[in-house]
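So you can see what is in the structure, the chains are spelled out below.
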Amino acid sequence: MSTSKERRSVLIAGNWKMYKSLGEALELTVEISSGLPPSAEPLVAIFPPAIALAAVAERLQGSPKIIAVGAQNIHFEKEGAFTGEISAEMVSAAGGPMVLLGHSERRHIFGETDEAVGKKVARALAAGLTPVLCVGEKLDERETNRTNQVVSRQLEAGIAGVSDVAQLGRVVIAYEPVWAIGTGKTASPSQGQEVHKHLRSELRAAFVARHGSADRAERTLIIYGGSAKPDNAAELLQEPDIDGLLVGGASLKSDSFLKICRAAT
Ligand code: 13P
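Residues numbered from 1 in each chain as written. Predicted model: local features only at pLDDT ≥ 70, side-chain atom pairs only at ≥ 80, totals over all residues. Heavy atoms only, no water.

**Remarks on the packing of helix α2 (residues 22-35) against helix α12 (residues 254-263)**
(1) Moving on: Where α2 meets α12, the axes come as close as 10 Å, and the angle between the chain directions of the two elements is 35°. Between α2 and α12 lies a crossing whose hand is right-handed. Note on element contacts: α12 touches α2 through S254, F257, L258 and R262, opposite L28, E31, I32 and G35.
(2) Moving on: When the residues that make up the contact of α2 with α12 are grouped by side-chain class, the tally is four nonpolar, two polar and two charged. (Axes fitted to C-alpha atoms, helices over the stretch in contact; angles between N-to-C directions. Helix = DSSP H or I, 4+ residues; strand = E, 2+ residues; numbered from the N terminus. Left-handed = near helix turned anticlockwise from the far one by under 90°. Contact = heavy atoms within 4.5 Å. Nonpolar A, V, L, I, M, F, W, Y, C, P; charged D, E, K, R; others polar.)

In structure tokens form, the structure reads like this:
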């Protein structure tokens, strides 16, 4: 493990997507919080459906293990006539300090553009949330050697509205190759590492462009998502630039999510 990695925490995050009713979400929350030792590492975050967020955050109060709660999306405006949307401020007031932004399902099913994702990242930071900016290439983009180009574009647009070094330092990046999401096909640890390393070098340049030190990029968490499971978690986490996992399917059951958290210690 490299020295720089030792300076970073490991983050295990569960994206529950559009699964779990309120009752089920609370049940899973209790199972996770009671199954985790109160140790500082790994950092753990859960992203329930928005309708369960406040209740989940409330249920976690007093949990021996600190578990951050987040929303799966927000609107980029502070408030307004946007039926069906939720704002960063609402997430924060509901007890959620984090938010996933630019998830590939938002980009490819709901048509979210790079520009919209960038506005959301800026909005989230202004509201005091920790944004998890998701990037990742589709299969045809990988097959035509455009992976780095695609993730660079998404990263650049995602942080375009962040001019402040301290704010940039609060952004978490999630690399989620679209072809690995929900398919059971995981990127190999070396495929993941290659892209994470590329993203970190892009971040170095981004910090410098904002008159910060390139070293700040060594502190940014870059986590991997795409069919992460108990049996591949440890090997992915061994890579020097893979700082955690964003787990979909395997986060919906406490036993598999807890196993992944244990693999991260
Ligand atoms: P799976 O773990 O189900 O592949 O989902 C990954 C994901 O999209 C997490 O955000």
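**Side note on the packing of aromatic side chains**
(1) Moving on: Applying the stated rule across the entire model yields one aromatic pair.
(2) Moving on: In this structure, R106 packs its charged tip against the face of F110, placed 4.2 Å from the ring centre.
(3) Moving on: Seen from the ring of F76, K119 lies directly overhead, with NZ or CZ sitting 4.3 Å from the centre. (Phe/Tyr/Trp six-rings, centres within 6.5 Å; stacked < 30°, edge-to-face > 60°. Lys NZ or Arg CZ within 6 Å of the ring centre and 35° of its normal.)

**Details of the side chain of S33**
(1) Moving on: Within the secondary structure layout, S33 lies in helix α2.
(2) Moving on: Ignoring any residue separated from it by four or fewer positions in sequence, one finds S33 in contact with L60, S63 and I67.

**What to know about the site of the ligand**
(1) Moving on: In the vicinity of the ligand, the contacting residues are N15, K17, H103, E176, A180, I181, G182, G226, S227, L246, G248 and G249.
(2) Moving on: Contacts to the ligand include G249, whose backbone N or O atom sits 2.8 Å from an oxygen atom.
(3) Moving on: Expressed as a share of its isolated accessible area of 310 Å², the protein-covered part of the ligand is 95%.
(4) Moving on: Residues of the shell around the ligand, tallied by class, amount to three nonpolar, seven polar and two charged. (Near = heavy atom within 4 Å. Polar contact = N/O pair within 3.5 Å; in protein donor to acceptor, adjacent residues only side chain to side chain. Areas by Shrake-Rupley, 256 points an atom, 1.4 Å probe, with all protein chains shown as cover.)

**Quick word on the sheet that holds strand β3 (residues 67-71)**
(1) Moving on: Strand order in this closed barrel of eight strands is β1-β2-β3-β4-β5-β6-β7-β8, and the pairing throughout is parallel. Shown here is a sheet whose adjacent strand axes are inclined to one another by a mean of 25°, direction ignored.
(2) Moving on: As defined by bridge partners, strand β1 (residues 11-15) adjoins strand β8 (residues 244-247) across four bridges and the pair is classed as parallel. The partner of I12 across the bridge, within β8, is L245.
(3) Moving on: The strands touched by helix α3 (residues 50-59) within the sheet are β2 (43-47) and β3, with β3 carrying the most contacts at an inclination of about 170°. (Pairing = 2+ DSSP bridges.)

**Structural notes on the packing of helix α8 (residues 147-158) against helix α10 (residues 189-209)**
(1) Moving on: One can describe the packing of α8 onto α10 by two numbers: an axis separation of 10 Å at closest approach and a directional angle of 40°. Regarding the angle of α8 to α10, the classification is oblique. Crossing hand, α8 versus α10: right-handed. Every residue of α10 that contacts α8 at T147, N148, V151, S152 and L155 is listed here: V195, H198, L199, E202 and L203.
(2) Moving on: For the contact of α8 with α10, a count of residues per class yields five nonpolar, four polar and one charged. (Parallel < 35°, antiparallel > 145°, perpendicular 65-115°, else oblique.)

**Details of the nonpolar core**
(1) Moving on: Residues I12, I32, I46, L133, I173, L199 and L245 are the most contacted members of the largest nonpolar core, which totals 65 residues.
(2) Moving on: Per-element accounting of this core gives the leading share, five residues, to α10.
(3) Moving on: Excluding anything up to four places from it in sequence, I32 contacts W16, I46, I67, S254, F257 and L258.
(4) Moving on: One finds F47, A68, L100 and C134 within the second-largest nonpolar core, a separate group that totals 14 residues. (Core = buried A, V, L, I, M, F, W, Y, C linked by side-chain atoms within 4.5 Å. Buried < 20%, exposed > 50% of the residue type's maximum accessible area, 1.4 Å probe, protein only.)

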